[in-house]
Amino acid sequence: MTTGLTKNDIASTRLIVGLEIHVELSTRSKMFTRAANPACPEFENAEPNTLVDPLVAALPGSLPVMNRRAVEMSAMVGMALGCSIAEHAKWDRKNYAYPDLPKGYQISQYDLPLCFDGAIDIPSASPGADGGMRRIGITRAHLEEDTGKLSHELPGGIRYSGSLVDLNRAGTPLLEIVTEPDFDCAEDVVTFARELRSLCRFLGVTEGVMQKGHMRFEPNINLVIDTTDGREFRTPVVEIKNLNSFRAVDGAIRHETERQLDEFLSTGRVMGMGMKQTRGWDDERLVTVLQREKEDAHDYRYFPDPDLVPVEMDEAWKGRIRESIPELPIARRSRYREEFGLPEKDAFALIDDQGLCRFFERTVDAQLAATNPPSLREAGHESAKLLLNQMAKRANESGIVAHEIGITAEQVGELLALRRSGEIPTQAIDRLLKLASESPLSVVALAEANDLLVVRDEGAIEGWLAEAVVAQPKAAEDVRNGKDAALGRLVGAVMKASGGQADAKDVRDRLLAMLRD
Amino acid sequence: MTTPSTDPNSSSFFDPGDDLTTRVQSVRDGKTTTSLRLESMLTAAESTNPSLHAFHEVLTDFARATAASVDARLAAGEDPGPLAGSVIAVKDNICTTEGRTTCGSRMLENYRSPFDATVITRLLDAGATLIGKTNMDEFAMGSSTETCAWGPVRNPHGINRVPGGSSGGSAVAVAAGIADAALGSDTGGSIRQPAAFCGCVGFKPTYGRISRFGLVAFGSSLDQIGPLTRSVRDAAAIYEVLAGVDSNDATTSDLPVEPSMADGPFDPASLRVGIPREHYTTRNHPGVTERLERIIDSLRAVGATIIDIDLPLTDYGISTYYVIAPAEASSNLSRYDGIRYGYRADPRPGEGLEELYARTRSEGFGPEVQRRIMLGTYVLSAGYYGAYYKRALQVRRLIKQEFDAAFTKCDVLLGPTSPHPAFQIGAKLEPISMYLNDVYTVNANIAGIPAISIPGGMVEENGEALPIGLQLQAPAFHETSLLRIASTIESLVRSA
């Protein structure tokens, strides 16, 4: 069947995307047994089939016992996404046969999920967004167990003709979050995905390493097509499985947008005709590829798991979980922007890592607690710059994060205070960072011991200034005539003469005062 | 050692002075030893197994080692636990690191469990000696032990009759004196009905009282482990060892387990016995009806209050059960795919995964197991779930409510365990007539309440004297009063 339509007959198309996200929780043990969880960093490099116990291997007589920590982590994420948390949730069996599913069923939550009816606001690129923000509804978030892995390669990448089963991942707690179909552009889906990753990492519920499959995204995509003669068509919903990078999410949605329009024009297939299609993403060719048509839509024969008791989450338990939730990334970023005047990019960078974020806030506190404290804005701004520039650079060289270089929050506070009062020259900062990261002494003591304090001898400074002006009459003349570029040469001369103990900014100010007034 | 007689005029009752409780005491008193007792039982096992077929595997070496160690500890003045000196048989669907755990199925013919069930650990910790694994209906699906892949078990009271099932091997081990007691599992009557057919006591505690960890699952919301014994006080003694919360089974209750017999038998004068009208129908064997009437008369005579109770949902039990149990079984048994352990069909060239699964399961499971897997898969499938599974859960709730209402009027319900005594091997091969064996027992599983079958005397059929069982049911977690009442009625029945 063809539509007889061409691209010229299309007045507009609108994209509709809903997202399912699988988050592997980083609990120490698995969802329903004591076997270690490979999504916990301590066990991620375990040899195949070593994180296996009788339950994981589905031996006769084994029984599941719920991991309370995984339930708490899930409720935490649900709360952060504005969801209601069920007082009564239960466990259901989803039955299907596959070699990576030893029990022949997956324990999941079918009709009574732990979290439901939430929403979060994200900055939106969509022209239709209200005030640059868009609300994304969260349909539900439920907890289940991950499956094992099938592969056709031996360790070391050697091809194997049969199928190999690794049960390490089987039973890892998996939080499945389902959004409403509230997205209308790929950018927003990616923004949401990043936001969710940041949130989950900040809450400490997952390592969130995309390449390791800690977060997997599955968009459901279709198009509303309006023709120039006023008709509206909806293309069949396509589900893209297992995307594990933001680039793939973006690429798959963009490709689907075009592919679905082309397919509609050539086949006329609309929603309701045929079964839901499942496609995968080809990362090399940058196209989605058909995996299966759900002709025989799986009948999972869900029923309540008789081996487990329902989860009864009373107000006291919910209250304890709620109290343990820190200020969340979105709110925290907007506070950083307002209180410290930080650009969005810097705020995001500080908050992406919970450890860095906590450290940053301690450096602000340290500054505010000192005698002669700076303003809140100043303290935050300067701390952020130091952490994200000089300290990050130093950390990068050793492959660590800025707050891990060995310097304490108090030392950062002292360093910034010295810098602010002009007692140390700008160029001494790197040196002091290095010294402080290797010593518990105060930064003042370190600066003194290493002759890094600014020389306060007025006579000496005035002498160096005069010498420089005399030595470089052309530069001095240029500065007098308003050419700021020439200042550098004079400042350089003074710094050289001072042996680095003058403060460059102070020298610059003095030169300007001397030559311009 | 007592061997039951097949003389129709003899009593079906064990000598009340000769049960596990007294035997354990005689070992403690130094009158005999565990090892001596074990040897005579090993001999009995060897001589009877060709005819009765109670055991699939006798754990000779392990039992001898345990017995020797128990005796040594006793000799050293230590206390190896309340069951020291006893010899206990274990149904083959309870995981033991010793020997195999086959569930009476070709599927698990060579399966060895790497862990012990919680009940096994508790028995061993209590000083029991485990003699072997008893035959059973395949995956506990049956009421006659005829579906056992290793061949049928025979009833010592009538060699051509079934012992009941699915814990038939366990009942025979006790009835034939090859063990002081045995563990069984009861999903719809699988402890009580064989106990009734073989003349022993069979006790199914409240769901959640005894850990199912290590019990190979059949119908997980119905399965419960319990003892088969020579007396009610033996059942109480073993129950107290097995019961109590287990961190490996989320469905176990943390209610405290009280010593059941501490206060002795129940005073019959204060006893309110409920007689469910629906358990006294023309479907019962005339001998069963007659025995029950005499027992009720003697209860009246000792001052008990007899109360008529209506349980109109009784007859819905079987239909409800045959939706819920197969539904759970279809899911529980899907792990037997031949990939990681158990039977696997010989792969054929070019055969796909689905075909290998299908052949493995067709060859590894017997017909009754396959029937129930198909039944369970059907009732859970889209389009039928509402009409069958969901409806069954609704009826299940009504059955619970019916019991709740009944127990506001009486302490205990009394009726026959089975409508008839043991039937001939091969007599009930048509599934529905086989399923109807459990008409009086399934509802206790559906409601999760405790129930016990105690010997009710003998009835005659075709010139054979056959034992029948009396079933007593009590409210959930009322094991203590149930066992005390059962003990009272146990003595009463002997003279009735």
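## Observations concerning the packing of helix 7 (residues 232-242) of chain B against helix 15 (residues 479-495) of chain B
Residue and element names in this part refer to chain B.
Part 1 of the reasoning: The N-to-C vectors of helix 7 and helix 15 enclose an angle of 160°; their axes lie 9 Å apart at closest approach. What the angle tells us is that helix 7 and helix 15 run roughly antiparallel. Like other packed secondary-structure pairs, helix 7 and helix 15 cross with a definite hand, here left-handed. Contacts from Val-232, Ala-236 and Tyr-239 in helix 7 reach Glu-479, Leu-483, Ala-486, Ser-487 and Glu-490 in helix 15.
Part 2 of the reasoning: For the contact of helix 7 with helix 15, a count of residues per class yields five nonpolar, one polar and two charged.

## Focus: a nonpolar patch on the surface
Part 1 of the reasoning: A surface patch of nonpolar side chains, amounting to about 250 Å² of accessible area, comprises Leu154(A), Ile158(A) and Tyr160(A).
Part 2 of the reasoning: Checked against the element boundaries, Ile158(A) lands in strand 9 (residues 158-166).

## Thoughts on the packing of helix 12 (residues 458-471) of chain A against helix 13 (residues 473-480) of chain A
Residues and elements named next belong to chain A.
Part 1 of the reasoning: Between helix 12 and helix 13, the least distance of the axes is 5 Å, while the angle of their chain directions is 100°. Compared by their axis directions, helix 12 and helix 13 come out roughly perpendicular. Contacts from Val-469, Val-470 and Ala-471 in helix 12 reach Pro-473, Ala-476 and Arg-480 in helix 13.
Part 2 of the reasoning: Each residue belonging to the contact of helix 12 with helix 13 can be placed in one class, and the counts come to five nonpolar, no polar and one charged.

## Some words on the pattern of salt bridges
Part 1 of the reasoning: Summed over all chains, the structure comprises 73 salt bridges over all chains.
Part 2 of the reasoning: Its salt-bridge partner being Arg371(B), residue Glu368(B) comes within 2.3 Å of it at the nearest N-O pair. Placement of both Glu368(B) and Arg371(B) in helix 11 (residues 367-380) is noted, with a separation of three residues, approximately one turn of the helix.
Part 3 of the reasoning: Overlapping salt bridges bring together Arg93(A), Asp305(A), Asp307(A), Arg212(B) and Asp249(B) as one network.

## Some words on the packing of aromatic side chains
Part 1 of the reasoning: On inspection of all chains with the given rule, the structure shows 25 aromatic pairs over all chains.
Part 2 of the reasoning: Taken together, a centroid distance of 6.1 Å and an interplanar angle of 70° make the contact between Tyr300(A) and Tyr302(A) edge-to-face.
Part 3 of the reasoning: Ring geometry for Tyr336(B) and Phe365(B): centres 6.3 Å apart, planes at 85°, overall edge-to-face. One end of the pair, Tyr336(B), is in the loop between helix 9 (317-332) and helix 10 (353-364); the other, Phe365(B), is in the loop between helix 10 and helix 11, with 29 residues separating them in the sequence. For the pair shown, Tyr336(B) and Phe365(B) are each scored as buried.
Part 4 of the reasoning: Stacked on the ring of Tyr105(A), the Lys or Arg Arg93(A) has its end atom at 4.1 Å from the ring centre.
Part 5 of the reasoning: In this arrangement the basic side chain of Lys428(B) is found over the ring face of Phe423(B), its NZ or CZ atom lying 5.3 Å from the centre.

## Notes on the side chain of Arg197(A)
Residues and elements named next belong to chain A.
Part 1 of the reasoning: Along the polypeptide, Arg-197 turns up in helix 2 (residues 186-202).
Part 2 of the reasoning: What makes Arg-197 buried here is its relative accessible area of 18%.
Part 3 of the reasoning: In this structure the side chain of Arg-197 is engaged in a polar contact, spanning 2.8 Å, whose partner is the backbone oxygen of Gly-208.
Part 4 of the reasoning: Beyond its immediate stretch of four places on either side in the chain, Arg-197 contacts Gly-208, Met-210, Met-215, Phe-246 and Asp-352.

## Examining the sheet that holds strand 11 (residues 464-473) of chain B
Residues and elements named next belong to chain B.
Part 1 of the reasoning: Strands sit in the order 1-3-2-4-6-5-10-11-9-7-8 across an open sheet of 11 strands; the sheet is mixed. The sheet is open, and its two edges are formed by strand 1 (55-58) and strand 8 (305-309), each paired on a single side. Each adjacent strand pair in this sheet contributes to an overall mean axis angle of 30°, direction not counted.
Part 2 of the reasoning: In the sheet, strand 5 (residues 201-204) pairs with strand 10 (residues 451-461) via three bridges, with the strands oriented antiparallel. For Phe-203, the partnering residue across the bridge sits in strand 10 and is Ile-452.
Part 3 of the reasoning: Against the sheet, helix 2 (residues 34-52) engages strand 1, strand 2 (87-91) and strand 3 (129-134), with an angle of about 15° to strand 3.

## Details of the interface of chain A and chain B
Part 1 of the reasoning: At the interface, 30 residues of chain A touch 35 residues of chain B.
Part 2 of the reasoning: Together chain A and chain B conceal approximately 2600 Å² of surface at their shared face, both sides included; 57% is due to carbon and sulfur atoms.
Part 3 of the reasoning: It is Pro60(A), Leu63(A) and Arg301(A) in chain A that bury the most area against chain B; as a group they hold 23% of the surface buried on that side.
Part 4 of the reasoning: In this structure, Arg212(B) engages Asp307(A) in a salt bridge whose closest nitrogen and oxygen atoms are separated by 3.1 Å.
Part 5 of the reasoning: Taken together, the connections running from chain A to chain B amount to 15 residue pairs in polar contact (both at pLDDT 80 or more).
Part 6 of the reasoning: Those elements that provide at least two residues to the side of chain A that touches chain B are strand 4 (92-95) and strand 16 (303-304) of chain A.
Part 7 of the reasoning: Counted by class, the side of chain A that touches chain B contains 20 nonpolar, four polar and six charged residues.

Reading guide: rules and limits
Residues numbered from 1 in each chain as written. Chains lettered and ligands numbered in written order. Predicted model: local features only at pLDDT ≥ 70, side-chain atom pairs only at ≥ 80, totals over all residues. Heavy atoms only, no water. Axes fitted to C-alpha atoms, helices over the stretch in contact; angles between N-to-C directions. Helix = DSSP H or I, 4+ residues; strand = E, 2+ residues; numbered from the N terminus. Parallel < 35°, antiparallel > 145°, perpendicular 65-115°, else oblique. Left-handed = near helix turned anticlockwise from the far one by under 90°. Contact = heavy atoms within 4.5 Å. Nonpolar A, V, L, I, M, F, W, Y, C, P; charged D, E, K, R; others polar. Patch = residues over 30% accessible without salt bridge, like charges linked within 9 Å, V, L, I, M, F, W, Y side chains within 5 Å. Areas by Shrake-Rupley, 256 points an atom, 1.4 Å probe, with all protein chains shown as cover. Salt bridge = Lys/Arg side-chain N within 4 Å of Asp/Glu carboxyl O. Phe/Tyr/Trp six-rings, centres within 6.5 Å; stacked < 30°, edge-to-face > 60°. Buried < 20%, exposed > 50% of the residue type's maximum accessible area, 1.4 Å probe, protein only. Lys NZ or Arg CZ within 6 Å of the ring centre and 35° of its normal. Polar contact = N/O pair within 3.5 Å; in protein donor to acceptor, adjacent residues only side chain to side chain. Pairing = 2+ DSSP bridges. Buried area = accessible area lost by both parts, 1.4 Å probe.

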